[in-house]
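What follows is each chain in one-letter form.
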Amino acid sequence: MFVFKAAVLGGGTMGGEIAQVIATADIPVVVKDVDQKFVDAALEKSRAVTKSQLDRLVSKEKMTQEEAEAGLEEVMGLITGTTTYEGFGDVDFVIEAVP
């Protein structure tokens, strides 16, 4: 089965980390929560985890800082945050991460 787009219901820490893993696999992902602050928290968590992983590769000299910065923007470009169900019509699967 091919996955072309995914969604995560529920932002925050867990939703952000799930979205980050999906985006790292080069799959666009939508993160939805009822409040924008939770969406923002998910996006920030995704950014922090990705940056940490890429910084580790830079410190091991497996990639340059410029490559890491480009990689961070590439991964974050695949994650979209929303408070509505717009964009859910064409997802292949949804992961629920709400408390």
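Nothing here was measured: the structure is a model prediction, and the numbers come from that model.

S.K.: I'd like a description of the sheet that holds strand 1 (residues 6–9), backed by residues and values.
M.R.: With parallel pairing, the four strands of this open sheet are ordered in space as 3-2-1-4. Two strands lie at the open edges of the sheet, namely strand 3 (79–82) and strand 4 (93–96), each paired on one side alone. Each neighbouring strand pair of the sheet contributes to a mean axis angle of 20°, computed without reference to strand direction. Here four bridges tie strand 1 to strand 4, and the two strands are oriented parallel to one another. Each residue of the ladder has a partner; that of Ala6, found in strand 4, is Phe93. Strand contacts of helix 1 (residues 12–24): strand 1, strand 2 (29–32), strand 3 and strand 4, with the helix running at about 170° to strand 1, the strand carrying the most contacts.

S.K.: Run through the side chain of Lys5, naming residues and quoting values.
M.R.: Assignment of secondary structure puts Lys5 in the segment before strand 1. For Lys5, a relative accessible area of 18% puts it in the buried group. Within the local environment of Lys5, its side chain forms a polar contact with the backbone oxygen of Gly87, the two atoms lying 3.0 Å apart. A distance of 3.1 Å separates a polar atom in the side chain of Lys5 from a polar atom in the side chain of Asp90.

S.K.: Which residues make up the nonpolar core, and what values go with them?
M.R.: Within the largest apolar cluster, 19 residues are counted, with the highest numbers of intra-cluster contacts made by Val8, Ala19, Ile22, Ala23, Val29, Val31 and Ile79. Contributions of two or more residues to this core are made by strand 1, helix 1, strand 2, helix 2 (36–59) and helix 3 (65–77). The contact partners of Val31, leaving out residues within four places of it in the chain, are Val8, Gly10, Gly11, Ala19, Val39, Ala42, Ile79, Thr80, Gly81 and Thr82.

S.K.: Run through the packing of helix 2 against helix 3, naming residues and quoting values.
M.R.: Helix packing geometry: the angle between the two helix axes and the distance between the axes. It is at 9 Å that the axes of helix 2 and helix 3 come closest, and there the two elements cross at 155°. Put simply, helix 2 runs roughly antiparallel to helix 3. Relative to helix 3, helix 2 is oriented so that their crossing is right-handed. In this structure, helix 2 uses Leu43, Ser46, Arg47, Thr50, Lys51, Leu54, Asp55 and Val58 to contact helix 3, whose residues at the interface are Gln65, Ala68, Gly71, Leu72, Glu73, Val75 and Met76.

S.K.: Explain the environment of Ala97 residue by residue, including any values.
M.R.: Assignment of secondary structure puts Ala97 in the segment after strand 4. The residues touching Ala97, leaving out its near neighbours within four places in the chain, are Val8, Leu9, Gly10, Gly11, Met14, Gly15 and Ile18.

Rules used in this analysis
- Residues numbered from 1 in each chain as written.
- Predicted model: local features only at pLDDT ≥ 70, side-chain atom pairs only at ≥ 80, totals over all residues.
- Heavy atoms only, no water.
- Pairing = 2+ DSSP bridges.
- Helix = DSSP H or I, 4+ residues; strand = E, 2+ residues; numbered from the N terminus.
- Axes fitted to C-alpha atoms, helices over the stretch in contact; angles between N-to-C directions.
- Contact = heavy atoms within 4.5 Å.
- Buried < 20%, exposed > 50% of the residue type's maximum accessible area, 1.4 Å probe, protein only.
- Polar contact = N/O pair within 3.5 Å; in protein donor to acceptor, adjacent residues only side chain to side chain.
- Core = buried A, V, L, I, M, F, W, Y, C linked by side-chain atoms within 4.5 Å.
- Parallel < 35°, antiparallel > 145°, perpendicular 65-115°, else oblique.
- Left-handed = near helix turned anticlockwise from the far one by under 90°.

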